[in-house]
Amino acid sequence: MESPRIATVAADTSDPKAGLRAVASLRVLADTLELRQVEAALRSGMSWQEIADALGVTRQAAHKKHSKRIDPAISTPRRNR
């Protein structure tokens, strides 16, 4: 099913079972896209703080969610102490 169709099904409350499955599919899609964007941001030299600011979360939350999932070939910035 295509993303626009999934969003339509997710928004339709007439069939909750299908709607919930669509919401779960959108969650997987959003998580996949977020990881791709985090990897792109790291490759472009953005810091974890900049990534977190863009996502509207704390630096710690962004790092905890993504640091173990990113491509190991990406060099990640170290926090200045």
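The structure under discussion appears in the preceding block.
Here we summarise the structure given alongside this text.

What counts and how
- Residues numbered from 1 in each chain as written.
- Predicted model: local features only at pLDDT ≥ 70, side-chain atom pairs only at ≥ 80, totals over all residues.
- Heavy atoms only, no water.
- Buried < 20%, exposed > 50% of the residue type's maximum accessible area, 1.4 Å probe, protein only.
- Helix = DSSP H or I, 4+ residues; strand = E, 2+ residues; numbered from the N terminus.
- Arc of directions from axis to C-beta.
- Contact = heavy atoms within 4.5 Å.
- Salt bridge = Lys/Arg side-chain N within 4 Å of Asp/Glu carboxyl O.

## Quick look at helix 4 (residues 59–66)
Then comes step 1: Taken as a whole, helix 4 has its buried residues at R59, A62 and H66. Buried positions in helix 4, seen along its axis, are confined to an arc of 70° and lie on one side of it.
Then comes step 2: Against helix 2 (16–43) and helix 3 (48–55) lie the buried residues of helix 4.

## Some words on the environment of L29
Then comes step 1: Along the chain, L29 turns up in helix 2.
Then comes step 2: A relative accessible area of 32% means that L29 is categorised as partly exposed.
Then comes step 3: Residues L29 and S3, spaced 26 residues apart in sequence, show a C-alpha to C-alpha distance of 8.5 Å.

## Structural notes on helix 3
Then comes step 1: Within the sequence span of helix 3, burial applies to W48, I51 and A52. Taken down its axis, helix 3 places every buried residue within 100° of arc, on the same side. Opposite the buried face of helix 3, by more than 90 degrees, sit the exposed residues D53 and A54.
Then comes step 2: Those residues of helix 3 hidden inside the fold are in contact with helix 2 and helix 4.

## So, the pattern of salt bridges
Then comes step 1: In this structure the tally under the stated criterion is 4 salt bridges.
Then comes step 2: For the salt bridge of D31 with K65, the shortest nitrogen-to-oxygen distance reads 3.4 Å. Of this pair, D31 sits in helix 2 while K65 is found in helix 4, placing the two residues 34 residues apart along the sequence.
Then comes step 3: Taking relative accessible area as the criterion, D31 reaches 26% and is therefore assigned partly exposed.

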